[in-house]
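# Architecture and fold: a report
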Amino acid sequence: MTIRAVLWDVDDTLFDYAAADRAGMRAHLAAEGLAGLHGSVEDALVRWKELTELHWRLYEEDPTGTWQDQRRRRVRDFLDLRAMTDAEADAWFDRYVTHYEAAWELFPDALPVLDLLARDYRQAVLSNSSIHAQEPKLRALGVRDHFEAVLCAAELGSAKPAAEAFHAACTALGLPPHEVAYVGDRPDIDALGAREAGLLGIWLDRAGTGGQPGLHRVTDLHQLPPLLLGDTRFGAPSTFG
């Protein structure tokens, strides 16, 4: 089956979110005088990551709330300040964002592979985020023009791994699911969700952890073009890495 388009996840796939988040929060804690809030800076970073994953998961399960609300809940839980007003939580998060944005970087393999695929494939983004977060990020990183469309759960009203989210992206491209590949860093939400929606789901396993039999897997984006050409969805799973 011929693949005509590639749909991309953004955070921890093209963009090194984890590194930027850690660097940004480390700088923010220092600027706010909160280095000892959770015992140590490292403990605080662990807690921030736990809360981020928790509130993202809750948002993915029910994206009918607002993106801003899940940010506010993260801040209140992290600071243990339930009485914090929306304005106060927003201001605190905005100060963190200043440090976070200063640490933004693409993964080294992202731009070369986006450029290479542009010769033969249409490309778009499907993210479990908000367009207000991802559009400025993609522009700041210099890659927005690679994508025909940027679709996000907050605006779609459905989130990966729901088939509706993947199908909305295929509709935006005007292509049936079997002609679209999806690339993301989460085996369940991204690769398996895409596969069950009829797309070619590909797990970007940068850490080389493996452990997900039956999924197409690459450990570096440079392995993606030959996989797309081979499209082994109806044969044995790829074993790159």
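About the thresholds
Within any chain, residue numbers begin from 1 and follow the written order of that chain's sequence. Per-residue local features of the predicted model are confined to residues with pLDDT of at least 70, and side-chain atom pairs are confined, for both listing and counting, to 80 or more; whole-chain, interface and lining totals are unaffected and use all residues. Hydrogens and water are ignored here; the side-chain numbers use all heavy atoms of the structure. Partly exposed describes any residue whose relative accessible area lies between the buried limit of under 20% and the exposed limit of over 50%, with all areas from a 1.4 Å probe on protein chains only and scaled to the type maximum. To qualify as a helix, a DSSP run of H or I must reach at least 4 residues; to qualify as a strand, a run of E must reach at least 2; elements of each kind are numbered from the N terminus. For two strands to count as paired, DSSP must find a minimum of two bridges between them. Here, the term right-handed applies to a crossover whose path from the first strand over the helix to the second runs clockwise when the strands point away from the viewer. Salt bridge, as used here, is a side-chain nitrogen of Lys or Arg placed within 4 Å of a carboxyl oxygen of Asp or Glu. The axes used here are C-alpha line fits, helices contributing only the stretch in contact, and every angle between their N-to-C directions lies in the interval 0 to 180 degrees. Between two residues, a contact is recorded if the distance between any of their heavy atoms is within 4.5 Å. What pLDDT conveys is the predictor's confidence in a given residue, as a value from 0 to 100.

### Some details on the pairing of strand β5 (residues 200-204)
Burial analysis of β5 places five of its five residues in the buried class, the great majority of the element. Taking every second residue as pointing to the same face, both faces of β5 are buried, with Leu-200, Ile-202 and Leu-204 on one and Gly-201 and Trp-203 on the other. As paired elements, strand β4 (residues 180-184) and β5 share four bridges and run parallel to each other. Bridging across to β5, Val-183 finds its partner in Ile-202. Taken together, β4, helix α9 (residues 187-196) and β5 constitute a β-α-β crossover, and its handedness is right-handed. The pairing of β5 with strand β6 (residues 216-218) spans three bridges and is classified as parallel. Following the sheet pairing, Leu-204 is matched in β6 by Val-218.

### Let's talk about the pattern of salt bridges
This structure, assessed with the given rule, holds 19 salt bridges. For Asp-80, the salt bridge goes to Arg-82, with nearest N and O atoms at 3.0 Å. Overall, Asp-80 belongs to the exposed group, its relative accessible area being 55%. The exposure class assigned to Arg-82 is exposed, which follows from its relative accessible area of 54%. Salt bridges sharing common partners tie together Asp-69, Arg-72, Arg-76, Asp-86 and Asp-90.

### As for the sheet that holds strand β3 (residues 150-152)
The pairing of strands in a sheet happens through backbone hydrogen bonds and is either parallel or antiparallel. Within the open sheet, the six strands sit side by side as β3-β2-β1-β4-β5-β6. Their pairing is parallel. Either end of the sheet is taken by a strand with one partner, and the two such strands are β3 and β6. Adjacent strand axes in the sheet meet at a mean angle of 25° when their direction is disregarded. Along the sheet, helix α8 (residues 163-173) contacts β1 (5-8), β2 (122-127), β3 and β4; its crossing angle with β2, the most-contacted strand, is approximately 150°. Strands β4 and β5 of the sheet are contacted by α9, whose axis makes an angle of about 160° with β5.

### What to know about the confidence of the model for the protein chain
On average, residues of the protein chain score 92 in pLDDT, and 94% of them reach the 70 mark or higher. Note that residues 233-241 has pLDDT below 50 and, in this model, 27 contacts with residues that lie over four places away or in other chains.

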